[in-house]
Structure formats: C-alpha cells, structure tokens
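# Descriptive structure summary
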Amino acid sequence: MDQSLILMGVIGKPHGVRGAVHVHAYTANPASLADFALRDQRGRTIDLAWITEGVARITLHEPTGKRVVADRDAAAKLVNLQLFVERSALPPADDDEYYLADLIGLAAIGADGTIHGTITAVHDYGAGASIELDDGSLLPFTRAVVPEIDLAAKRAIVVPPVEVAGEIPGQSAVQE
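What this report covers is the structure whose coordinates are included nearby. In this text, all values refer to a predicted model and were calculated from it rather than measured experimentally. (Residues numbered from 1 in each chain as written. Predicted model: local features only at pLDDT ≥ 70, side-chain atom pairs only at ≥ 80, totals over all residues. Heavy atoms only, no water.)

### Describing the overall build of the protein
From N to C terminus, the protein includes two helices and 13 strands. Taken along the three principal axes of its C-alpha coordinates, the protein extends 60 × 30 × 25 Å. For the protein, with 176 residues in total, the buried portion stands at 35%. Intrachain contacts of the protein at a sequence separation of at least 6 include 46% that bridge at least 24 residues. Carbon and sulfur atoms form 52% of the exposed surface of the protein, whose accessible area is close to 10300 Å². Within the protein, the 24 negative side-chain charges are centred at a point lying 15 Å from the centre of the 14 positive side-chain charges. (Helix = DSSP H or I, 4+ residues; strand = E, 2+ residues; numbered from the N terminus. Buried < 20%, exposed > 50% of the residue type's maximum accessible area, 1.4 Å probe, protein only. Contact = heavy atoms within 4.5 Å. Areas by Shrake-Rupley, 256 points an atom, 1.4 Å probe, with all protein chains shown as cover. Lys, Arg positive; Asp, Glu negative; His and termini not counted. Charge placed at Lys NZ, Arg CZ, Asp CG, Glu CD.)

### A closer look at the layout of surface pockets
Unoccupied space between atoms shows up once a probe the size of one water molecule is rolled over them. Its boundaries defined by the atoms lining it, the largest pocket holds a volume of some 1200 Å³. Lining of the largest pocket is provided by 31 residues; of these, Ile-6, Leu-7, Tyr-26, Leu-100 and Ala-101 occupy positions nearest its centre. Elements that contribute at least two residues to the lining of the largest pocket include exactly strand S1 (5-15), strand S7 (82-86) and strand S9 (115-124). With five residues, the top contributor of residues to the lining of the largest pocket is S1. Here the residues of the lining of the largest pocket sort into 20 nonpolar, six polar and five charged. (1 Å grid on protein atoms, 1.4 Å probe; cavity = no way out; pocket = protein on both sides within 12 Å on 5 of 7 lines; lining within 4 Å. Points joined across faces, edges and corners; volume = space filled by probe spheres on them. Nonpolar A, V, L, I, M, F, W, Y, C, P; charged D, E, K, R; others polar.)

### Some points on unusual backbone geometry
Of note in the backbone geometry, Asn-80 takes a positive phi value of approximately 75 degrees without being a glycine. The class of Asn-80 is exposed, set by a relative accessible area of 57%. In this structure, Lys-154 takes a positive phi of about 55 degrees despite not being glycine. Relative to the helices and strands, Lys-154 is located in the loop between strand S12 (148-150) and strand S13 (155-158). Judged by relative accessible area, Lys-154 falls into the exposed class, the value being 57%.

### Focus on the pattern of salt bridges
This model, assessed by the stated rule, comprises six salt bridges. Residues Arg-44 and Glu-62 are paired through a salt bridge, measuring 3.1 Å at the closest nitrogen-oxygen approach. Highlighted residues: Arg-44 in the loop between strand S3 (38-39) and strand S4 (45-52) and Glu-62 in strand S5 (residues 55-62), separated in sequence by 18 residues. Where Arg-155 meets Glu-148, a salt bridge forms, and the shortest distance between an N and an O atom there is 3.2 Å. Arg-155 sits in the partly exposed class, given a relative accessible area of 25%. Several salt bridges share partner residues, and in doing so they unite Asp-40, Arg-44, Glu-62 and Arg-67 into one network. (Salt bridge = Lys/Arg side-chain N within 4 Å of Asp/Glu carboxyl O.)

### Description of the pairing of S1
Of all 11 residues that make up S1, eight are buried, and the element is covered over most of its length. In the sheet, S1 pairs with S7 via five bridges, with the strands oriented antiparallel. Pairing of Ile-6 across the sheet is with Val-85, part of S7. Between S1 and strand S2 (residues 20-25), which pair antiparallel one after the other, the connecting turn spans four residues, and Gly-16 there sits at a positive phi close to 80 degrees. (Pairing = 2+ DSSP bridges.)

These values are about where atoms sit, not about what they do.
Here it is as structure tokens:
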C-alpha cells in the first residue's frame, strides 16, 4: 500500500434500499470524514454525503464520470471498501500522538536492547489498539508496553507484559 495514504474509514453494510451505506470512520470526529478527499484502493475518488450519523450516500468518481450509488445492490458491492486520505491532507500529529500507520515497520526493541522483531500491523477493534510483531505476537499499544517511539530512528521500545513475555523471542516469563 502507498505509504502516502492513511486509512481513515471503511464502508459497511447498506442502509435501506436507496444506496445509502453505513460508514465506520477512524477519526476523532466521524462527521469530518466527508471533509477529506477520499480515495479507495484502486485510486478512485469517493465523495461522502452524510444523511444521518454513521450513514452516508456515496458518489464514485470513475473514468466514465461520477456515479451516485443509488440502490441497495450497488451499495452492497461497496461493503468493506477502505477509504484513504493523502497524508499531506492531514494535520501533523501532536507530541506523543501517532498515526497508527506510522508504527508499521518500526523495529520493536526491548529496553535492554533485545530485538523483538518488527511491527507488522496495528489493530484497533474499539477496546484499545494493539501492535502485532512479525512473529505473530500481539502487544497492547499502551504507554506501559510501548513507552518510547522514535519515528526518525524507526524504532519502538517495548516492554512486554508478564502475561505475554514468555511468548516473545528473547523474553522469559517472570514467576512471582
């Protein structure tokens, strides 16, 4: 995936019979998603017009012109369509804030210098983000577990919780 694109939302199931869809926004203010120039994985521009909270009408910009999604069948074909924004359209992150996409590819290093691997994915299912390392282990993305991130050096200091320390190469579980 193009590193200049940031995932900002995804289209969910259809809403009604006139082409509206549920939209899951990954922004602090979901309504602001319609203010961005959205693109999908194929590079098409997508316009959102909110009709109620979390439900929008979609207009696709295709090579043949603009196409308003106007029926349930067309809306169903958009389920799971990811919505991206150019990084340059987003404000810079504040100190101690990160776009989750920026964490992917960082080296995960213990405070003692132990190399745990590379962050390959960031998951957020609503109860808090977690990072996935290239060995498949999952760690909560909290200040206690990831106390330091250095984007310039492409590394994150990780302190695995005792519950998972034995599952990460180079770590052993501590018995109390």
